[in-house]
Amino acid sequence: MEDKKRQVYDFFDSLNMEYTVVDHKAIFSEKDSDGVDEKCEGIVCKNLFLKDKGGETKFYLVSLPLHKRANIKELEKILGIKKLTFGNESELFKKLNILPGSVSILNVIDAKCSDVTFLIDSELLKYDKVCFHPNDNTSSISFKSNYLEKILNYFNVKYEFLEM
């Protein structure tokens, strides 16, 4: 996993984007994250890997503040989808080259496939800094929230900011 983190740091360095890193115990779910938000600069984010099973399967990575509950039913309405479910481990690895627990918007840096649509809660843009896993759940990287679009545009992926 050190290689995956190094890729993220190298990417930020190559574009002269400022960041800070906090190392911590492995976080697999929101309940494991106690105390991490106190160490990170900025709003700590959680990420969900979802799929639309209707017709041609479409995949989504949803990023929102850790404290916010994801309203899947509302997302289905916004996207015009009948049923969103969680993608499984093999789909996650195939699409974003990552294992469960390390899902992050930064997976785009090492992703094998660009057909995942990134859905970002627009609330994140209200904060000066955001905090995500750098493709490894034993660290968190904080960076300016306005870097989100710069990162996603750099990798030419589909994304949308939504009020969730």
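For clarity, every value in this text was computed on a predicted model and none was experimentally measured.

Definitions and cut-offs
Residues numbered from 1 in each chain as written. Predicted model: local features only at pLDDT ≥ 70, side-chain atom pairs only at ≥ 80, totals over all residues. Heavy atoms only, no water. Phe/Tyr/Trp six-rings, centres within 6.5 Å; stacked < 30°, edge-to-face > 60°. Helix = DSSP H or I, 4+ residues; strand = E, 2+ residues; numbered from the N terminus. Buried < 20%, exposed > 50% of the residue type's maximum accessible area, 1.4 Å probe, protein only. 1 Å grid on protein atoms, 1.4 Å probe; cavity = no way out; pocket = protein on both sides within 12 Å on 5 of 7 lines; lining within 4 Å. Points joined across faces, edges and corners; volume = space filled by probe spheres on them. Nonpolar A, V, L, I, M, F, W, Y, C, P; charged D, E, K, R; others polar.

### Structural notes on the packing of aromatic side chains
- For the coordinates displayed, the defined rule picks out eleven aromatic pairs.
- A ring pair is formed by Phe11 and Phe155, whose centres lie 5.1 Å apart and whose planes are at 40°; its orientation type is tilted. With Phe11 in helix α1 (residues 2–14) and Phe155 in the loop between α5 (147–154) and β8 (159–162), this residue pair connects regions lying 144 residues apart in the sequence.
- Residue Phe11 is classed as buried on the basis of its relative accessible area of 7%.
- Centroid distance Tyr154 to Phe155: 4.9 Å. Interplanar angle 70°. Geometry classified as edge-to-face.

### Details of empty space enclosed by the protein
- Under the definition given, this model contains one cavity of 30 Å³ or more.
- Approximately 60 Å³ is the volume attributed to the largest cavity.
- In terms of lining, the largest cavity is formed by Leu64, Lys68, Arg69, Ala70, Asn71, Glu74, Leu75, Ile78 and Met164.
- When residues of the lining of the largest cavity are assigned to their parent elements, the largest contribution, three residues, is made by helix α3 (residues 72–79).
- The residue inventory of the lining of the largest cavity, partitioned by class, reads five nonpolar, one polar and three charged.

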